[in-house]
Amino acid sequence: MATDPYHAADVGAYLAAQSAKPLVRVITCGSVDDGKSTLIGRLLYDSKQVFDDQLSALTADSKRVGTQGANLDFALLVDGLSAEREQGITIDVAYRFLSTPRAKLIIADCPGHEQYTRNMVTGASTADAAIVLVDARKGVLTQTRRHSYLVHLLGIRHVVLAVNKMDLVGFDQTVFDAICADYAAFAASIGIETVITVPISGLGGDNIMVRSPNTPWFAGPPLLETLESLDVSADTAGRAFRMPVQWVNRPDQDFRGFAGQVASGSIAPGDAVRVLPSGRTTQIARIVTADGDLDMAEAGQSITLSFTDNVDCARGDVIAAAGDPPQVADQFEATLVWMDATPLLPGRSYLLKLGTQTVAVSIQPPKYTVNVNTLEQLAARTLDLNAIGVAAITTARPIVFEPYADSRTLGGFILIDRATHATVAAGMIHFALRRSQNLHLQASAITRADHAAQKGQQAKVLWLTGLSGAGKSTIADLVEQRLHAAGRHSFLLDGDNVRHRLNKDLGFSDTDRIENIRRVGEVARLMTDAGLIVITAFISPFRAERQLVREMMAPGEFWEIHIDTPLAEAERRDVKGLYKKARSGALANFTGIDSPYEAPEAPEIRVDTTAMSAEAAADLIVARLLAEDRG
Amino acid sequence: MTLTHLQRLEAESIHILREVVAEVERPVMLYSIGKDSSVMLHLALKAFYPAPLPFPLLHIASGWDFQAMLAHRDTMVATHGLDLIVQHNDEAAAAGINPFDTPTPLYTRLMLTDMLKAALDAGRYDAAFGGGRRDEEKARAKERIFSFRNPDHVWDPRNQRPEVWNLYNSHKAKGDSIRVFPLSNWTELDIWQYIEAENIPIVPLYLAAERPTVTRDGMILMVDDDRMALRPGETVTHRAIRFRTLGCYPLSGAAESSAASLPQVIQEMLVSTASERLGRAVDHDPTASMEKKKAEGYF
């Protein structure tokens, strides 16, 4: 059987043929029970990629837990987790590998259940093609539309509509045609240009590997042949050169290389490049690999570049074609797919990772969310698990990017929760917002250092945090009196005062508390620019916001001071009578009662008010500050 | 020019290796000396060239490794100036735990799983590279490239982070660690093709040769040293054998084979009707046992 690649006599020729095969990454999606796992099991089985021992396990499993009577239950080949077998559903993405005479396939088998949409996005983000399965008896369902929308949103180039379980509708062409027409109308409405359609039966193997005699009316190729012949050549090759820098390779004084994977375009020694966001230009000296220097490298390759001169370049920078660099900005509009059970908190600081750049960001309230069933744009104040919405994002410093439509690498990002470290969203940049591109910070001739030097001090933010009634305002006031007496220039920002004026539009919801602290942080920053010692007294209950303010300041300029009073003690004192009100239900969202307080993990100073008087606390803080000022 | 299949896999793995080194504090590479480990080490040497490997290798030695594996390990360490840590459960060995008399699950846990956890804790490693592939086993097929473990090294398959594009989130809570699988998207055939194409040194036991063997419990075992006591009726026979996977010699089943070169091995693999893990006693437990073992911290 010399023509059968599985029994190739000439291994050398076989290997050569193997290496020339395209690699096609495919995702399967569709509603639960549409037969995705069965289809993949069938593909593996019919292409003889199930080993004897796996087959005997499958036979035994089919008898024990299968759903197909005396027949093999192919879904059991792929549903591997015990919880999946118990419930007969697919929970998480499974990656399956298929080698055919014409191609190598990596198939991401994605869950159909709505609560696992994030796993579906996981599989879709790297796919070249999507098989959208529809049950012939049920037609296009909510989840079919949701997944198709995601497939298009993520930029998957090829969509294959597989109408499954045709055996259960008697291989009726009118059923197939009606579903295809229904789906085509929906696909066109969301911008999918072409859809390939195949009538199949995963259970019977119809039109999977070979054309089925049960569908003489179907003229197209079977599913596998369709997948094998998709054009998956990189569409990044013709574009301008970009490489995010992953790691600086500096083994000794003589070599400094920048390691990364080429996102688009090609590069050769002598090429002029620009390092972004700094914008400095230089030339490529060498393309270093362990197999020797290269004359040229292109999209997809992981390489190490060295420059002809000593231009500063670090992880997070992007090396780009000097004449055609990507944009740099700090405000964007993007589509977000929310992937976490905790909803988006507008204004809260999240980490954004795009390429090798990681930067703090805050998200505006969404412009709208998309109802993927009706494609309606709905007003929204937040994004819940699995919601898809469009929002403006502000980054703490400018980042290098391209629209997602132009580059998955420089346009796709994840958001990370700073407290739980979870990946909470996947995002796709549309464009930079104009106000970001046209608004440049004005550089002043007199610097912040000049202001501080004139006052004979170092600017500082003394950020007092603690429960209501802990004693923050009292201690803050004493600290300021002592600083004033010592001839220091200071200013006290008090929570209640700020809320009466600057922030009188804000309430006490989590979102408003976050905005309150953000604004106070900005005011404190302006005051440190003026060289002042700023003392603040805010409950500031969330770690994330205190961290946000810390990052606004220069290193060492922000001192977190925890005025630590146990809740019982603060409630006993109840200086303003607020705890009583909160306990009676007359005051909602009160920190410590029905709203959390996240104590600092490593404050610069901790004051235990049960062991220290307010005067002693103020002395301690001022002594520390003056000691550093002198030092 | 479009990258070939192997070039794409190589570039992806190098990207993963570099991301980990750039983002975590104390990475380590699990080095089991098998074919996957050999490919992973080769990729790592490429990823950081011309710098030396920016992390140590960790070998969990059960005390029952094939002698040829230890020799290969030491050659690789000497050739590339690698920083190698060897961890062995002296206590369990002294107590008489051995693969012949101890039930396999207990032996594996004491000599391998517990030692691995202890070594990772002792080194305060926050990320450990492993050579696992998604085509090996059903539980593996579901695992992310960055796979998080809690401070007790437990894997929770129902609570995996979404892993979109090639953006890996390495942020973790104190005490958590990450198992990283740079070879996730490789298949067994890819591994052999790459070994052949790149001329990667491997333990000679993967190639067929005449070796002393006994047949026991339906498996062909190789008599690697004189600690292997023969049971009544057993005789040592010299046979042409090779291994598809390597572990502890009393637990690794060999296959009769005449494939003495890499092309022959690949050809043999292509016509094989048995899966790679068939020869591993450790995997012959009930369905989903790998998932359970992984939940307990097995790599």
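Residues numbered from 1 in each chain as written. Chains lettered and ligands numbered in written order. Predicted model: local features only at pLDDT ≥ 70, side-chain atom pairs only at ≥ 80, totals over all residues. Heavy atoms only, no water.

Undergrad: Looking at this structure, I do not really get the UniProt feature "domain: Phosphoadenosine phosphosulphate reductase" (unreviewed entry) in chain B. What am I missing?
TA: Mapped onto the present numbering, the UniProt feature "domain: Phosphoadenosine phosphosulphate reductase" (unreviewed entry) falls at residues 27–253 of chain B. Secondary structure across residues 27–253 of chain B comprises 30% helix and 18% strand; the distance between its end C-alpha atoms is 32 Å. (UniProt positions renumbered as here; feature names shortened; annotations may be inferred. Helix = DSSP H or I, 4+ residues; strand = E, 2+ residues; numbered from the N terminus.)

Undergrad: Sorry, what's going on with the pattern of salt bridges here?
TA: Should their charged atoms come close, side chains of opposite charge can pair. Residues and elements named next belong to chain A. Within this structure, the stated rule accounts for 47 salt bridges over all chains. Two residues, Arg 137 and Asp 135, come together in a salt bridge whose shortest N-O distance is 2.9 Å. Classification of Asp 135 by relative accessible area gives buried; the value is 0%. Note that Asp 619 and Arg 482 form a salt bridge whose closest N and O atoms lie 2.5 Å from each other. Here Arg 482 lies in helix H12 (residues 472–485) and Asp 619 lies in helix H18 (residues 614–630), a separation of 137 residues in the sequence. A relative accessible area of 40% places Asp 619 in the partly exposed class. Residue classification places Arg 482 among the partly exposed positions, given a relative accessible area of 24%. In the salt-bridge network here, residues are joined through shared partners; they are Asp 135, Arg 137, Lys 138 and Lys 165. (Salt bridge = Lys/Arg side-chain N within 4 Å of Asp/Glu carboxyl O. Buried < 20%, exposed > 50% of the residue type's maximum accessible area, 1.4 Å probe, protein only.)

Undergrad: Can you help me understand the sheet that holds strand E7 (residues 209–216) of chain B in this one?
TA: Sheet strands pair via backbone hydrogen bonds, and the direction of the pair is either parallel or antiparallel. Residues and elements named next belong to chain B. Taken in spatial order, the 4 strands make up an open sheet running E8-E7-E9-E10, and their pairing is antiparallel. What marks the edges here is a single partner per strand, and that holds for strand E8 (219–222) and strand E10 (255–256). Bridge count between E7 and strand E9 (residues 237–242): 5 bridges; the pairing is antiparallel. Considered in E9, the bridge of Ala 209 is made with Ile 241. (Pairing = 2+ DSSP bridges.)

Undergrad: Help me out: how do you make sense of the side chain of B:Glu10 in this one?
TA: Residues and elements named next belong to chain B. Of note, Glu 10 is situated in helix H1 (residues 5–23). Under the relative-accessibility criterion, Glu 10 is labelled buried at 16%. Excluding its chain neighbours within four sequence positions, the residues that come into contact with Glu 10 are Leu 43, Lys 46, Trp 186, Tyr 194 and Glu 198. (Contact = heavy atoms within 4.5 Å.)

Undergrad: What is the right way to look at helix H2 (residues 36–46) of chain A in this model?
TA: Residues spaced three or four apart along an α-helix point in a common direction, a consequence of the helix completing one turn every 3.6 residues. All names here are of chain A. Within H2, 9 of the 11 residues are buried, which leaves it mostly tucked inside the rest of the structure. Taken together, the buried positions of H2 are occupied by Lys 36, Ser 37, Thr 38, Leu 39, Ile 40, Gly 41, Arg 42, Leu 43 and Leu 44. At its buried positions, H2 is contacted by strand E1 (23–30), strand E2 (94–99), strand E3 (104–109), strand E4 (129–135) and helix H8 (223–228). Directly beyond the C-terminal end of H2, a positive phi value near 60° is found at Lys 48.

Undergrad: Whenever I open this one, the nonpolar core confuses me. Can you help?
TA: Inside soluble globular proteins, nonpolar side chains tend to come together where they are buried. Ranked by size, the top nonpolar core spans 78 residues in total, and within it B:Val39, B:Phe146, B:Val180, B:Trp186 and B:Trp192 carry the most contacts. Shared between two domains, this core holds at least three residues of each, these being domain 1 (5–190 + 288–296) and domain 2 (204–283) of chain B. Setting aside residues no more than four positions away along its own chain, B:Trp186 makes contact with B:Leu6, B:Leu9, B:Glu10, B:Ser13, B:Val39, B:Leu43, B:Arg133, B:Asp135, B:Ile191 and B:Tyr194. Among the nonpolar cores identified, the runner-up in size contains 54 residues, and A:Leu23, A:Ile106, A:Cys110 and A:Ile179 belong to it. (Core = buried A, V, L, I, M, F, W, Y, C linked by side-chain atoms within 4.5 Å. Domains from an automatic or database assignment.)

Undergrad: Could you clarify how one ought to interpret the UniProt feature "binding site: ATP" (unreviewed entry) in chain A in this entry?
TA: Residue and element names in this part refer to chain A. In the numbering used here, UniProt assigns the feature "binding site: ATP" (unreviewed entry) to Gly 466, Leu 467, Ser 468, Gly 469, Ala 470, Gly 471, Lys 472 and Ser 473. Tracing the backbone through its elements, the reader meets Ala 470 in the loop between strand E24 (460–465) and H12. If we ignore the near neighbours within four places in the chain, the residues touching Ala 470 are Ile 563, Thr 565, Arg 573 and Thr 609. Within the element layout of this structure, Lys 472 appears in helix H12. Beyond its immediate sequence surroundings of up to four residues, Lys 472 is in contact with Leu 464, Thr 465, Gly 466, Leu 467, Ala 537, Phe 538, Ile 539 and Ile 563.

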